[in-house]
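Chain residues, written in single-letter form:
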Amino acid sequence: MANRIKVGFIGLNPDSNWAFNAHLPALKTLTDDFEIVGVANSTPESGRRTAEAHGLTAFDTPADLVTSDQIDLVVVTVKVPYHFELVSLALNAGKHVYCEWPLGNGLIEARKLAALAEEKGVVAVAGTQARAALEVEHLKTLIADGYVGRVLSTSLIGSGGNWANTTSAALYYLFDKANGGTMEDIPMGHTLAAVRDVLGDFGPLNATKTFNYDTVTVTDTGEERPKTAPDQVMVQGQMASGAALSLHYRGGTNRGTNFLWEINGTEGDIQVTAGLGHAQMVQLTIKGARGDETELTEQMPDASLYDGKPDFPGARNVAGVYARMANDIRSGSRTAPSFADAVGLHEVLDQIDRSASKA
């Protein structure tokens, strides 16, 4: 089809990573807007394997991909420490960019990338895809329409899945704070992006981070390795509206509640639940009650909204971001989660980190 946005991936493996499980299914639902053209991985051999598996053009290096006339949009789906270099490369080549969250390895990198994107005048999207979840969009509407009245408080409990005392060798990098992929960066950060969309900006926050485990066992080898990422993060404070905020993220999973987000107001209450604290990639269930109602009842989006979208919530949410991005590229709007939005989220996480450091 003519005028489709030509996509090149940096960091697409044939069958085993986030790009394969979320981005590819998402783009397959948007073939009127996007065409996946090429791939560049950490080695030319890896890129060729992916290209052969998916019928794409293999580029020997990321530099070859971003400078190619075949590519309009560069999608960066590698580990966080490599985001800054690769996103900068794509922006300096004048390409639109979709970068996985976190945008940078910390606030300073994120600010530099956002400034560069603004300078180049391209559409630069950070993948905080919980913001595009049908359930989050519906929840935002419920709050805006006054379902709970004036919001008095919000409280949230989430389990990170990782970040307890065991990991695979492939995921060990998440347990090193220096890599920018901690529990607060990934599941908590994604979830806070959704909270901010629904309830507005954050106000003053106080935080505590603690460790139940100082080491982690790598299950592939039985090796015990250092762990510098906290496994307990607790935040208390307020939203900018004045509503009270309480948040607790903990490593691993448990037999009880793994995700619970409550919003309590003068006229009603809402409860959002899921099986894991990654709001960006799990099915969210919304229940609520208001007025004289005493039992929570389901308050989900209309079932027809899910038609034609991926079954996996992560892919469905990513598709929502891509749909917004296509509109932004074509119309000049700015509806997809931007690098500027990502800087705001990095600032919240930086505030939390600085508060915890003083504790």
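Anyway, here's the lowdown on the structure attached to this text. No experiment lies behind these values; they were computed from the predicted model shown. (Residues numbered from 1 in each chain as written. Predicted model: local features only at pLDDT ≥ 70, side-chain atom pairs only at ≥ 80, totals over all residues. Heavy atoms only, no water.)

## Brief notes about the packing of helix 7 (residues 184–199) against helix 9 (residues 339–358)
Two elements in contact, helix 7 and helix 9, have axes whose closest approach is 10 Å; the angle formed by their N-to-C orientations is 115°. Taken as a pair, helix 7 and helix 9 cross one another with a handedness that is right-handed. Contacts between helix 7 and helix 9 involve E184, D185, M188, G189, L192, A193 and R196 on the former and, on the latter, D341, G344, L345, V348, L349 and I352. Here the residues of the contact of helix 7 with helix 9 sort into 7 nonpolar, 2 polar and 4 charged. (Axes fitted to C-alpha atoms, helices over the stretch in contact; angles between N-to-C directions. Helix = DSSP H or I, 4+ residues; strand = E, 2+ residues; numbered from the N terminus. Left-handed = near helix turned anticlockwise from the far one by under 90°. Contact = heavy atoms within 4.5 Å. Nonpolar A, V, L, I, M, F, W, Y, C, P; charged D, E, K, R; others polar.)

## A word on the packing of aromatic side chains
Enumeration according to the criterion identifies 3 aromatic pairs in this entry. Between W18 and F312, the aromatic rings sit 6.0 Å apart at their centres with planes inclined by 75°, giving edge-to-face as the arrangement. Here W18 is found in helix 1 (residues 18–28), whereas its partner F312 is found in the loop between strand 17 (297–298) and helix 8 (313–331), with 294 residues between them in sequence. Taking the relative accessible area as the measure of exposure, F312 reaches 33% and is therefore partly exposed. Following the ring pairs from residue to residue traces out a cluster consisting of F34, Y98 and Y322. When the ring centre of Y173 is taken as reference, the NZ or CZ atom of K79 above it lies at 4.3 Å. Taking the ring centre of Y147 as reference, the NZ or CZ of R290 above it sits at 5.4 Å. (Phe/Tyr/Trp six-rings, centres within 6.5 Å; stacked < 30°, edge-to-face > 60°. Buried < 20%, exposed > 50% of the residue type's maximum accessible area, 1.4 Å probe, protein only. Lys NZ or Arg CZ within 6 Å of the ring centre and 35° of its normal.)

## Here's the deal with the packing of helix 5 (residues 107–120) against helix 9
Closest axis-to-axis distance for the helix 5/helix 9 pair is 9 Å, and the angle between their directions is 165°. One element, helix 5, and the other, helix 9, form an angle in the roughly antiparallel class. Remark: the crossing between helix 5 and helix 9 carries left-handed chirality. Taken together, the residues of helix 9 that come into contact with helix 5 (itself represented by L107, A110, R111, L113, A114 and A117) are F339, A340, V343, H346, E347 and D350. (Parallel < 35°, antiparallel > 145°, perpendicular 65-115°, else oblique.)

Without other data, these values stay purely geometric and don't point to any function.
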